[in-house]
Amino acid sequence: MTTSLRVWYGAGEASNALTLLLFALLARLLGVEPYGELVTIVASTAILGTLAEFGFHTLLARTVARNPGTAWTELQAALRRQIWIGPPMLAVLYAYMQWADLSANSYLAGMLVGMSVWCKSLKESLRGVSRGLSRFDLEAVFLWTERLGLLVLSVAAVALGGGLTAIGGVFLTVRALDLLAFFVVVRRSFDRSSEHPASVRWLAAWPFAMSNLLLMMYYQVDVTMLAVLSTSREAGLYGAIYRFVDALQVIPRLVMVVAFPAMATAWATDHARFRHTLFRLQRVLLAIGIPVLLAVFLWSEPLLVLVFGREFSGGAAALRLVVVGNVFAFQSLLLAQAMQASAHERSLAALLPATVLFNVVLNAILIPGRGARGAAEATALTWPPPAEARLS
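Described in the following lines is the structure provided in the data block. (Residues numbered from 1 in each chain as written. Predicted model: local features only at pLDDT ≥ 70, side-chain atom pairs only at ≥ 80, totals over all residues. Heavy atoms only, no water.)

Regarding its fold elements, the protein presents 18 helices and zero strands. Within the protein, counting contacts between residues at least 6 apart in sequence, those at least 24 apart form 84% of the total. Here the protein displays about 15800 Å² of accessible surface, and carbon together with sulfur accounts for 67% of that area. (Helix = DSSP H or I, 4+ residues; strand = E, 2+ residues; numbered from the N terminus. Contact = heavy atoms within 4.5 Å. Areas by Shrake-Rupley, 256 points an atom, 1.4 Å probe, with all protein chains shown as cover.)

This part is about a nonpolar patch on the surface. On the surface, Leu294, Phe297, Leu298, Trp299 and Val324 cluster together to form a nonpolar patch covering roughly 500 Å² of accessible area. It is helix α14 (residues 271–298) that provides the largest number of residues to the nonpolar patch, a total of three residues. Assignment of secondary structure puts Leu298 in helix α14. Look at Leu298 and you get exposed, because its relative accessible area is 53%. (Patch = residues over 30% accessible without salt bridge, like charges linked within 9 Å, V, L, I, M, F, W, Y side chains within 5 Å. Salt bridge = Lys/Arg side-chain N within 4 Å of Asp/Glu carboxyl O. Buried < 20%, exposed > 50% of the residue type's maximum accessible area, 1.4 Å probe, protein only.)

A few words now on the side chain of Thr63. Relative to the assigned elements, Thr63 resides in helix α4 (residues 56–66). Judged by relative accessible area, Thr63 falls into the buried class, the value being 17%. Every residue in contact with Thr63, bar those within four places of it in the chain, is listed here: Glu74 and Ser199.

Taking 1.5 Å per residue as the helical rise, helix α3 (residues 32–53) with its 22 residues ought to reach 32 Å, and the 31 Å between its terminal C-alpha atoms agrees with that figure. The element α3 is extensively covered by neighbouring structure, given that 19 of its 22 residues are classed as buried. With its phi angle positive at about 55°, Phe54 sits one or two positions after the end of α3. (Expected span 1.5 Å × (residues − 1).)

Right, let's talk about the nonpolar core for a bit. Nonpolar side chains tend toward joint burial in soluble globular proteins. Judged by nonpolar contacts, the single largest core of 114 residues is most densely connected at Leu38, Tyr238 and Phe308. Per-element tally for this core: the top contributor is helix α16 (residues 316–341), with 13 residues. Excluding residues that lie within four positions of it along the chain, Phe308 makes contacts with Leu20, Phe23, Ala24, Ala27, Arg28, Tyr35, Ala240, Arg243 and Phe244. (Core = buried A, V, L, I, M, F, W, Y, C linked by side-chain atoms within 4.5 Å.)

It is worth spelling out the packing of aromatic side chains at this point. What the rule picks out here adds up to 10 aromatic pairs. With 6.2 Å between their ring centres and 65° between their planes, Tyr96 and Trp99 make a pair best called edge-to-face. In this pair, Tyr96 and Trp99 both sit in helix α6 (residues 86–99), three residues apart, roughly one turn of the helix. Residue classification places Tyr96 among the buried residues on the basis of a relative accessible area of 12%. Taken together, Phe23, Tyr35, Phe244, Phe308 and Phe312 form an aromatic cluster joined through their ring pairs. One cation-aromatic arrangement involves Arg243 over Phe23; the distance from NZ or CZ to the ring centre is 3.9 Å. (Phe/Tyr/Trp six-rings, centres within 6.5 Å; stacked < 30°, edge-to-face > 60°. Lys NZ or Arg CZ within 6 Å of the ring centre and 35° of its normal.)

Turning our attention to the environment of Ile41. On the secondary structure map, Ile41 appears in helix α3. Linking Ile41 and Val223, residues 182 residues apart in sequence, is a C-alpha distance of 9.3 Å.

Examined against the element boundaries, Glu377 turns out to sit in helix α17 (residues 345–382). Aside from chain neighbours lying at most four places away, what touches Glu377 is Leu321, Leu366 and Arg370.

As a further point, take unusual backbone geometry. Backbone geometry at Phe54 places phi at a positive 55°, although glycine is not the residue there. Within the secondary structure, Phe54 is located in the loop between α3 and α4.

So, in structure tokens, the structure goes:
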């Protein structure tokens, strides 16, 4: 059963290739500096979008895995709360764009992308319920519809002469329609007869929200800081690097996410089985991850040129640094998921602030003089301490 589920989850994660292709084509069509503004908007909205998710998708996956009959009730409770986070999220986004001194033409694009991320944050709760019920097939379908729609329509919009605003309009349209379709399918597919009171609450979700937000800040704050402390060109180079990082993160997700519902159940009934499963997943992750990371490290420049174009070859050294950091990142992400599955989300939330603060300070020191390479150095230097702390 787990193999079948992993195949479905893998099919959904394979759609990340569409995201990589989308940003590669946009980089070639826009050029480094406009692309830098786009990735700055995407990075800032990703951080704010994680706040809008408020950890409900992770809480839903664990709660529904343990009590499948409450899926619809729990989902409604989560969505009602998430809706209220959108407006303040957009206000913070607007303030950030002013602080980062983005071009005036980017403001409308940023707000459109921000609204699309609000839709995406609601979709994450639908995905969380689907995972809790082991409906990875349903999740996979709507990952492909969203990412394929973004790829085709965004590239078409730019090829026809549109700019960042056109891309923002496409993002909002595709994600809003995809959310609506996913919600309709979920409503028709899941049992809605349960009268069990919802356990999803702000207080229950906040440790997940905090840890997920801090993890996202770790991955994206360097891009947002590059826009302020360096140039759009450096942000564009680092944005290309991040696309490879995002693709690499499929490996720990593929290993862990399918096992998450079973591990959440195992923790409640059999701690020994939980620990055995975690140890086995760690070995699998090493066996799969090390060869892939080594290949990207050795062929960093050819890969950047192949995917993004010769204009982005200057990011090769930074990409190699980020790959080294991901050796530790893979294990840290696996352990973070295990802590959430085993009801240790509060401990995880307490571990992460120091890591993120250290990363922000390093970025503030290294970016002004070293640009994208400085951001990559900060990333590579930040992972080892938390990884070792969690392994112990």
